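Per-entry structural report
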Amino acid sequence: MTSRERVLAAINHQQPDRVPLDMGTTFYTGISACALYRLRKYYGLKTRPIDIFETSQMIGAMDPDIIEKMDLDVVGLPQAKDFAGVRVYGEKQDFTMPDGTPVRISSAHKYKVDEKGRSYLYPQGNDHYGPSYLMPEGGYFFDALHRAPEYDEEDLRPAEDFKEDFKLKAITDEDADWYAENARLLRATGKAVVGTQRSSLGDPSEIEGPQVPNPTGIRGYQDWSMAQLLYPEYVKEVLEMWTEAGLKNLEIYKQAVGDNIDIINISGTDLGTQVGQLLSVETFRELYKPCFKRLNDWVHQNTDWKVLYHSCGAIRPFLDDFVDMGVDIINPVQFTAAGMDAKELKDTYGDKLVFWGGGVDTQDTLPNKSPEQIAEHIKKNLDIFAPGGGYVFATIHNIMGDVPEDHIAKAFEAARNYNF
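Thresholds applied
- Every chain begins its residue count from 1, and numbering advances along the sequence as written.
- Where local features are concerned, this predicted model is filtered to residues with pLDDT of at least 70; where side-chain atom pairs are given and counted, the filter is 80 or more; whole-chain, interface and lining totals use all residues.
- Derived side-chain values reflect all non-hydrogen atoms in the structure, with water molecules and hydrogen atoms excluded from consideration.
- Every helix listed is a DSSP run of H or I at least four residues long, and every strand listed is a run of E at least two residues long, numbered separately from the N terminus.
- As defined in this context, the radius of gyration uses C-alpha atoms, and a globule is described by 2.2 Å times the residue total to the power 0.38.
- Throughout, a contact is declared for two residues whenever any of their heavy atoms are within 4.5 Å.
- Using a 1.4 Å probe, accessible areas were evaluated by the Shrake-Rupley method; residue-level cover was limited to the displayed protein chains.
- Residues counted as positive are Lys and Arg, residues counted as negative are Asp and Glu, and His and the chain ends are not counted.
- Taken as the charge centre is NZ of Lys, CZ of Arg, CG of Asp or CD of Glu, depending on the residue.
- Any carboxyl oxygen of Asp or Glu within 4 Å of a side-chain nitrogen of Lys or Arg constitutes a salt bridge here.
- When a residue's accessible area, from a 1.4 Å probe over protein chains only, is under 20% of the maximum for its type it is buried; when over 50% it is exposed; and in between it is partly exposed.
- Within 3.5 Å is the distance limit for a polar contact, defined as a pair of N or O atoms, with the added protein rule that one can donate a hydrogen and the other accept it, and that residues adjacent in sequence qualify only through two side-chain atoms.
- Strand pairing is assigned whenever DSSP identifies at least 2 bridges connecting the two strands.
- For this analysis, a ring pair means two rings from Phe, Tyr or Trp (six-membered ring only for Trp) whose centres lie within 6.5 Å, classed as stacked if their planes differ by under 30 degrees, edge-to-face if by over 60, and tilted for the remaining angles.
- Whether a charge sits over a ring depends on NZ of Lys or CZ of Arg being within 6 Å of the ring centre and within 35 degrees of the ring normal.
- Helix span is expected to be 1.5 Å times the residue number reduced by one.

Attention shifts here to the overall build of the protein. Helix and strand counts for the protein stand at 14 helices and 15 strands. The C-alpha radius of gyration of the protein comes to 20 Å, within 12% of the 22 Å expected for a compact globule of 420 residues. On the principal axes, the C-alpha backbone points of the protein span a range of 60 × 50 × 40 Å. Expressed as a percentage of contacts within the protein between residues at least 6 apart in sequence, the contacts between residues at least 24 apart total 72%. Surface summary for the protein: the accessible area is close to 16600 Å², and the carbon and sulfur share equals 47%. Both charge centroids of the protein, one from 44 positive and one from 66 negative side chains, sit 4 Å from each other.

What follows is the structure in structure tokens.
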């Protein structure tokens, strides 16, 4: 099979000739630029600064040479703007990671490194406003900063508070042209193509409004979580605005990329922790599910794309709702979380959902075990997930910057050489 045929078979619940492999196509199956820089050296590839396609997590872009070296089957079309509202395409500028790794970020970013080695990014690259992201000394990624003033519970104005968020998320003509050209180039690779057009309703990384110059309203995730019970009408209005903005973007995006993508990543909203859920199933059904269903329905009614959703953690109680609202693929399949038994997931949902991930635990196994133990761990997981199709190999979330490069290489070799 070609790479694309292999992935299409898997996502249509048919067994391919081997397990399809993904690294680096999304915000959640990526690799830290620091680890990617060392991995390129490991493979003997040309050393150069790593381009960043998602700035808050400092995820490295996968160049064609390493995609071919690792025999990966999927390529990704990233979102045109990062979470700070800055374009990822166009001219680049140099940035040095705390460990010395050279990378390149958009020249539209303004950044500052203080005397303690902390790095700051600004909303829309405008340093006339306070920074919206902080990378600590010795860090590998940026954290969103809480900047909104305390809200007045007697004067809640959701439409006013969030109007800038969705204006700034809108796809511009320039963005659309960039999507169209790069989708055509990616289709020509012969790989399956994953597009990203996030409408991650209520996602903690977006609630703070890191792209908004002066965010107001209910912004901190703790406050947002409480608002789901205390002020549900406020949350409903914000989610409705979010959904309408997402639908408009999907229409423009479809006009731009057409049939040059196979899978669309719509959401990265985390619903679980490692020990439980971040909200009740009842709250999810009341506030979120109708909005997500509208987005998924639009995709299924207007395209042949498969819909990919990401959620970390213990999300087993939500999976029937995922199926009902039209999710085709789930990631990262965090079987180390409570209630996420791999075999039970495959037995129950293997004909309803594609599992994209669950290949190797990135918290302990990948960084800390020997290559032999990693290979054994992967075989055990693939023995469960891979037979019968409905599975694409990826790590459980992004590969962090301190993971040994030989561990990464051996993990993907083990997956590529797996026999059904």
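This is not the end of the story, as more comes after the structure.
Our focus in this paragraph is the pattern of salt bridges. A side chain of one charge can pair with a side chain of the opposite charge if their charged atoms are brought near each other. In this structure the tally under the stated criterion is 36 salt bridges. Note that R38 is salt-bridged to E405, the shortest N-O span being 3.0 Å. Of the two residues, R38 sits in helix α2 (residues 33-42) while E405 sits in helix α14 (residues 405-416), which places them 367 residues apart along the sequence. A relative accessible area of 22% means that R38 is categorised as partly exposed. You can call E405 partly exposed: its relative accessible area is 24%. The residue D321 makes a salt bridge to K289 at a minimum N-O spacing of 2.9 Å. Note that D321 is positioned in helix α10 (residues 319-324) and K289 in helix α9 (residues 281-302), a separation of 32 residues in sequence.

With that settled, the discussion passes to the environment of D328. Within the element layout of this structure, D328 appears in the loop between α10 and β13 (329-331). Given a relative accessible area of 17%, D328 falls into the buried group. For the pair D328 and V235, spaced 93 residues apart in the sequence, the C-alpha separation amounts to 26 Å. Within the local environment of D328, its side chain forms a polar contact with the backbone nitrogen of V307, the two atoms lying 2.7 Å apart.

Strand order in the open sheet made by the 7 strands is β3-β10-β11-β12-β13-β14-β15, with parallel pairing throughout. Edge positions in the open sheet fall to β3 (74-77) and β15 (391-392), since each of these has one partner strand only.

So, about the packing of aromatic side chains. Applying the stated criterion across every chain yields a total of 27 aromatic pairs. Seen in terms of ring centroids, F355 and F385 are 5.4 Å apart; in terms of plane orientation they differ by 50 degrees. Their pairing is tilted. Here F355, found in strand β14 (residues 354-356), pairs with F385, found in helix α13 (residues 371-385); they are 30 residues apart in sequence, far enough to count as distant. A relative accessible area of 0% means that F385 is categorised as buried. Site record: aromatic cluster; members linked through ring pairs are F284, Y288, F292, Y309, F318 and F322. Seen from the ring of Y120, K112 lies directly overhead, with NZ or CZ sitting 5.3 Å from the centre. The positively charged end of R219 is found above the aromatic ring belonging to F162, 4.0 Å away from the centroid.

Attention now goes to the sheet that holds strand β6 (residues 111-113). Picture the strands of a sheet paired through backbone hydrogen bonds; they go either parallel or antiparallel. Taken together, the 4 strands give an open sheet; going across it, the order is β6-β7-β8-β9, and neighbouring strands pair in antiparallel fashion. On the outer flanks of this sheet lie β6 and β9 (143-144), each paired with one strand and no other. With 3 bridges joining them, β6 and strand β7 (residues 119-121) adopt antiparallel strand pairing. In the sheet register, K112 faces β7, and the bridge partner there is Y120.

This paragraph deals with helix α5 (residues 173-187). Taking 1.5 Å of rise per residue, 15 residues should cover 21 Å, and α5 covers 21 Å from first to last C-alpha, within 8% of that figure. Its buried side turned inward, α5 meets α1 (3-11), β3, β10 (192-196) and α8 (232-257).

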